[in-house]
Amino acid sequence: MAVRDRVERGESLAEARTAVAKEFGNVPLVKDVTRAMWGWGWLERARQDSKYALRRLLRSSGFTIAAVATLALGIGANTAIFELLDAVLLQSLPVMKPQELAEVRVVDMDKARGGVYSGYPVVTNPIWEKLREDHQGFSGIAAWRDEDFSRDSGGDARFVKGLWVSGDFFRVLGIRPIRGRLITPEDDRCGCGLPGAVISYGFWRQEFGGGPALGRKLMLNDKPVEVIGVTPPGFFGVNVGQSFDVAVPVCSQPFLEATSRLDSSTKWWLSVIGRLDPAWSIQQAAAHLGAISSGIFAATQRPDYRVESVKDYLAMKLTAAPSAGGVSQLRDTYTDPLYLLLGISGLVLLITCANLASLMLGRTSAREREMAVRLAIGAGRWELIRQLLTESLLLACRGRGRRSAGARAQPGSVSVLEHAGQSGVSRVKLDWRLFAFLLGASFPASQRGRLCRSTGL
């Protein structure tokens, strides 16, 4: 534009170009300043740093392989433990708004008389019936109990993992069927017989090959039960560490087992879970349950209790506790060992940092000339540090990528608990928590040695 303007004023083309060049000075410098004003210079610099770093790493293939293997070992050990810790302790139930869920439990269970048939907080069926009548503070409330049912399939006697569920169980959790329908309050009534069974997605695929299953009969405890629906994939119940195959109404218990537990006030076997009313907090719900406890226990007291047993029974209290993560014996059994293993694997990560720092410092002498030349021709210390950090980030991505690929192919350490009989630990999955942990573990591991080296420039 400047040349054209001068030519239009009568100068020759050569004179105009010479004069304009003198006015502008260093044209490449003007271009760099202009690009910087656009705000995209950092992206171009990042691209250049990445290309150069990649070329350097490809030239030093031995170092790159050793560094990536070291990172994969250190990050992998931490990630493997975090996978289990995430599945057992951190993940919420795969249901609708799990943060609204709360379990109802007895505060002083040591005062209970009779048999306790579960390792989880439980109540008797008479207590559950009273809670179902008065569940103020909850928009819905449900009871459940896991149970193994015997099944005779073609002469091959075996057991399937079952659930006793109340009529509102699936509605409270917000579960919708992918085939047929789920159990409703109309199915769970006194003397219901065997109104039907709901099967899990995994059982449907395994036993029926994903084909027609509605209306077909299952033999449970030598009784034929009709399949009425299939739950969606990913739903395993509320017991973390266990999955279920078949769910039947609580009212069917006397028809599938020899003795009835429904009228007994000494058989503690039902766990209760509810969804809080939006206007209520967990503290308010707990306070309300404590206030109505005396009436519930008085109404469900056995007439033949001994005097001292009556006193203890009537003194028992109910409360509510958050249950977004469901219930799990895995938590009670493995929480402390998992935290211990995570601490040990953290030490492994520190050793990885030291080893990686040694590898990177070992390359320092080979790159002294390169750094000196770059400083001599005008590169600043920040540019050199930025280049070294880019190389480290590439190494971190390679190490993290190898660990992520391994995690997707096989959630390794999960099999330990599965072999121990905890078949429901399939909740291990790649989610934002795992990738955030990978990022947090890989950045310091890859940068610590590089920063130690770059600060001496």
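The structure we're discussing is the one just above.
Since the structure is predicted, the reported quantities are computational estimates derived from the model, not experimental observations.

Analysis parameters
Residues numbered from 1 in each chain as written. Predicted model: local features only at pLDDT ≥ 70, side-chain atom pairs only at ≥ 80, totals over all residues. Heavy atoms only, no water. Helix = DSSP H or I, 4+ residues; strand = E, 2+ residues; numbered from the N terminus. Buried < 20%, exposed > 50% of the residue type's maximum accessible area, 1.4 Å probe, protein only. Contact = heavy atoms within 4.5 Å. 1 Å grid on protein atoms, 1.4 Å probe; cavity = no way out; pocket = protein on both sides within 12 Å on 5 of 7 lines; lining within 4 Å. Points joined across faces, edges and corners; volume = space filled by probe spheres on them. Nonpolar A, V, L, I, M, F, W, Y, C, P; charged D, E, K, R; others polar. Pairing = 2+ DSSP bridges. Disulfide = S-S within 2.5 Å. Core = buried A, V, L, I, M, F, W, Y, C linked by side-chain atoms within 4.5 Å.

With that out of the way, let us pick up the side chain of threonine 70. Relative to the helices and strands, threonine 70 resides in helix α5 (residues 61–90). Overall, the relative accessible area of 17% leaves threonine 70 in the buried class. In contact with threonine 70, not counting residues within four places along its chain, are Thr352, Asn355 and Leu359.

Taken as a whole and judged by the stated rule, the model has one cavity of 30 Å³ or more. Of the voids in this model, the largest cavity is the one considered here, and its volume is about 40 Å³. Glu103, Trp144, Val238, Ser271, Val272, Ile273, Ser323, Gly326 and Val327 are the residues that line the largest cavity. Among the elements that line the lining of the largest cavity, the one with the most residues is strand β11 (residues 271–276), at three residues. Its residues assigned to classes, the lining of the largest cavity comprises five nonpolar, three polar and one charged.

On to the layout of surface pockets. To locate leftover empty space, one rolls a probe as large as a water molecule over the atoms. Taken as a whole, the largest pocket encloses approximately 260 Å³ of empty space. Along the wall of the largest pocket there are 22 residues; nearest its centre are Tyr120, Asp146, Glu147, Asn239 and Gln242. When contributions to the lining of the largest pocket are tallied by element, the ones reaching two or more residues are β3 (138–153), β4 (156–165) and α12 (329–362). The biggest single contributor to the lining of the largest pocket is β3, with four residues. Residue composition of the lining of the largest pocket, grouped by class: eight nonpolar, 10 polar and four charged.

On to the pairing of strand β8 (residues 223–230). Put simply, side chains in a regular strand alternate between the two faces of the sheet. Two strands pair when backbone bridges link them, and strand β5 (residues 179–180) and β8 are joined in this way by two bridges, in the antiparallel orientation. Counted as the bridge partner of glycine 180 is glycine 229 from β8. Looking at chain direction, strand β6 (residues 197–199) and β8 are connected through three bridges and run parallel. In the sheet register, alanine 197 faces β8, and the bridge partner there is valine 227. Sheet analysis places strand β7 (residues 217–220) next to β8, joined by four bridges and oriented antiparallel. Residue pairing across strands places leucine 220 opposite lysine 223, the latter belonging to β8.

A disulfide bridge is the covalent bond that connects two cysteines by way of their sulfur atoms. Counted under the stated rule, the structure contains one disulfide. Linked covalently through their sulfurs, cysteine 192 and cysteine 251 form a disulfide whose S-S length is 1.9 Å. Taking the sign of the S-S torsion, 105° for the link of cysteine 192 and cysteine 251, the bridge is right-handed. Taken as a pair, cysteine 192 in the loop between β5 and β6 and cysteine 251 in the loop between β9 (246–249) and α9 (253–256) lie far apart in primary sequence, 59 residues in all. We classify cysteine 251 as buried; its relative accessible area is 4%. Left without a disulfide partner, cysteine 190 is nearest to the cysteine sulfur of cysteine 251, which lies 8.2 Å away.

Another point: the side chain of threonine 352. Looking at where threonine 352 falls in the secondary structure, it is placed in helix α12. The contacts of threonine 352, once residues within four sequence positions are left out, are Thr70, Leu71 and Gly74.

Core analysis: the largest hydrophobic core is formed by 49 residues, its most contacted members being Leu131, Ile199, Leu220, Val246, Trp268 and Leu318. Ignoring any residue separated from it by four or fewer positions in sequence, one finds isoleucine 199 in contact with Trp204, Phe208, Ala213, Leu218, Val227, Gly229, Val230, Thr231, Phe244, Asp245 and Val246. Of all hydrophobic cores here, the second largest spans 25 residues; its members include Tyr120, Ala142, Leu163 and Ile228.

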